[in-house]
Amino acid sequence: MLTMRRANIYDADSIASVEAQCFPQAEAATFTQFQERLKHYALFDDDKLISFVDGLVTDEKDLTDNMYAHAEMHNEAGKWQMIFGVNTIPSYRRKGHAEKLLRRMIDDAREQNRLGLVLTCKEKMIHYYAKLGFVNEGKSESSHGGAEWYQMRLTFHE
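Just so you know, these numbers come straight off a predicted model, no measurement behind them.

Participant: Any details on the environment of E76? Residues and values, ideally.
Facilitator: If you trace the backbone, E76 turns up in the loop between α3 (65-69) and β5 (80-83). Residues E76 and T58, 18 residues apart in the sequence, show an inter-C-alpha distance of 7.4 Å. Beyond its immediate sequence surroundings of up to four residues, E76 is in contact with V57 and R114. A polar side-chain atom of E76 sits 2.9 Å from a polar atom in the side chain of H74.

Structure (C-alpha cells):
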C-alpha cells in the first residue's frame, strides 16, 4: 500500500537515488544538495520512495538557477512555492503518482496562502502541467544542466 508523507533528513540517500533515475547527471541534484535542502524544507514522497516533488518557498516571482544550489534561500513565509523537480522512478510512471503529489503540493500552497506555484519544465512536459492549471510563460532564463526550460505558473491570487 502506498502512503504519502513528508521526507526527512534520513531519506536523503533514497531521494538522491530516485533523482538520479529521473534526470540526466547534469540536471540531477546530489546527495549533498538534498541533505542541505532537507534542512530547509520537506520533500513529498511515498512510503517506498517511488515519487517525490521538491522545491522551496520564496518571495521571488521567478525560478532561478541560483535557487537549486542555495537551499538557504527558502523563506517559509514566502509568497511563491517553487518546484525544482517532479520525480517518479521509471517502473512506477503513468500511474498517477506524480499528479497526486503535485495536487497535494498545490493544495498545501493554497492552504498556506501562497500566491501560487512556479516550475520549469522541458517543452514536451508543458501539456502535462497545463492540465493541472499551470500556464506557460515561455522560455525560462534557466540553463540548469545545459537544457532548455519553460517557466510555468499556477496563480491563486495576486
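Read on, since the account is not over.
Participant: Account for the sheet that holds strand β9 (residues 150-155), naming residues and giving values.
Facilitator: One open sheet accounts for five strands, arranged β4-β5-β7-β9-β8; its pairing is mixed. With partners counted over all chains shown, the strands left at the sheet margins are β4 (57-58) and β8 (135-139), one partner each. Relative to β9, strand β7 (residues 116-121) runs antiparallel, the two being bridged by six bridges. Bridge pairing links L119 to M152 in β9. Seen against the sheet, helix α4 (residues 97-111) touches β5, β7 and β9 and runs at an angle of roughly 160° to β5.

Basis of the calculations
- Residues numbered from 1 in each chain as written.
- Predicted model: local features only at pLDDT ≥ 70, side-chain atom pairs only at ≥ 80, totals over all residues.
- Heavy atoms only, no water.
- Helix = DSSP H or I, 4+ residues; strand = E, 2+ residues; numbered from the N terminus.
- Contact = heavy atoms within 4.5 Å.
- Polar contact = N/O pair within 3.5 Å; in protein donor to acceptor, adjacent residues only side chain to side chain.
- Pairing = 2+ DSSP bridges.
- Axes fitted to C-alpha atoms, helices over the stretch in contact; angles between N-to-C directions.

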